[in-house]
Amino acid sequence: MEAIGRIGFIGIGRMGWPMARRLIEAGYPVAVQDAVPGRAADFVQRHGGTAPANPADGADALITMLPTSRDVSAVLGAIGPSLKPGAVVIEMSSGEPSATRALAEGLAARGVAMVDAPVSGGVARAETGELAIMTGGAAEALARVDPLLRAMGTTITRCGDIGAGQAMKALNNLVSAAGFLVSVEALLIGSRFGLDPGVMVDVLNASTGMNNSTQRKLKQFVLSRKFDSGFGLDLMVKDLTIAMQVGRETATPAPLAAQTRELWAAAAALLGPGQDHTAAARFSEALAAGQISEQKG
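Moving on, we come to helix α3 (residues 69-79). Restricting attention to buried positions, one finds in α3 the residues S69, V72, V75, L76 and I79. One side of α3 carries all its buried residues, which in axial view fall inside an arc of 120 degrees. Structural note: α3 exposes R70, G77 and A78 on the side pointing more than 90 degrees away from its buried face. Residues of α3 that are buried make contact with β1 (7-10), β3 (61-64), β4 (88-91), α4 (97-108) and β5 (113-116).

So this is what it looks like as structure tokens:
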């Protein structure tokens, strides 16, 4: 099994930037590209690597970390033909499993392998290389890219064939999104009863109501009113839409999941573009005509 040498990395946004940096720190030669003018050159100046016109040219592996599967398809359509036979595409976006499977078929016809490896953990864990990475694809291709993934994450879990990692990522975010909204509603109810929201979070974290939102979001971004976790509200809605697409494609009734997606979409419509996903708490507050705020003293 040939080791990965040169890496092309497409999409060095808030998540992609620290991920690409981790690869450089691990000793890999990385060629970066981004749609934002000047971002690739800035990355190279700060962290090294190169910023060629075509990062796929001569690459053993091409990583895509982009907003949607449509963006991935456009990039692969433009520079994918430069990939040499034997190269592997590592699709790390939170994309659509069915779209990724179609792209993989086209690449395979040219002797290029493809795996999907979406991530969870946010910017903070991307910075430290502690991402959770969910993978899908052929065992041989995944084994080949495993050292790269371990430069960026600490938990690498194979979920199945191509597209399985993206399905798992969307379903993970579905569970996370539902937990966030019900946690916020619990704080609203408790606040009106007279409970201190900060104390409520402490009790939840010591009890069976504990979840990712109670541990990592409520005090940090909601009670503080910062709403700056680094993961966009629009991206959450996108992931929930993908989860529901997987549900439809598998003919799985999911009424609670559908309601969760609709509530998050309504939050995005009310709050407008550019919002952090934790700002969805403000949507729940609007429904309740009240605000959660941490009590002092």
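A separate point is unusual backbone geometry. Of note in this structure, F227 is not a glycine but carries a positive phi near 50 degrees. Along the chain, the position of F227 falls in the loop between α10 (218-223) and α11 (233-249). The backbone of A251 shows a phi angle near 55 degrees, a positive value even though the residue is not glycine. With respect to the helices and strands, the residue A251 is situated in the loop between α11 and α12 (255-271).

Here the focus is the pairing of β1. Here β1 shows two buried faces, one formed by I7 and F9 and the other by G8 and I10. Here four bridges tie β1 to strand β2 (residues 30-33), and the two strands are oriented parallel to one another. Its bridge partner being in β2, G8 is matched across the sheet by A31. In this fold, β1 hands off to helix α1 (residues 16-25), which returns the chain to β2; that crossover is right-handed. Judged from the four bridges that link them, β1 and β3 form a sheet pairing that is parallel. Bridging across to β3, I10 finds its partner in T64.

What counts as what
- Throughout, residues of each chain are indexed from 1 in the direction in which the sequence is written.
- Reporting in this predicted model follows two pLDDT cut-offs: at least 70 for local features of residues, and 80 or more for side-chain atom pairs to be given and counted; totals over whole chains, interfaces and linings ignore these cut-offs and use all residues.
- Side-chain numbers here rest on the full set of heavy atoms in the structure, without hydrogens or water.
- Residue exposure (1.4 Å probe, protein chains only): buried if accessible area is under 20% of the type maximum, exposed if over 50%, otherwise partly exposed.
- Strands are runs of DSSP state E lasting at least two residues, helices are runs of H or I lasting at least four, and both sets are numbered from the N terminus onward.
- As used here, the arc is the angular range of directions from the helix axis to the C-beta atoms.
- Residues count as neighbours in contact if any of their non-hydrogen atoms are within 4.5 Å of one another.
- Strand pairing requires that DSSP identify at least two bridges connecting the strands.
- By the criterion used throughout, a crossover qualifies as right-handed when its path from the first strand across the helix to the second strand runs clockwise, the strands pointing away from the viewer.

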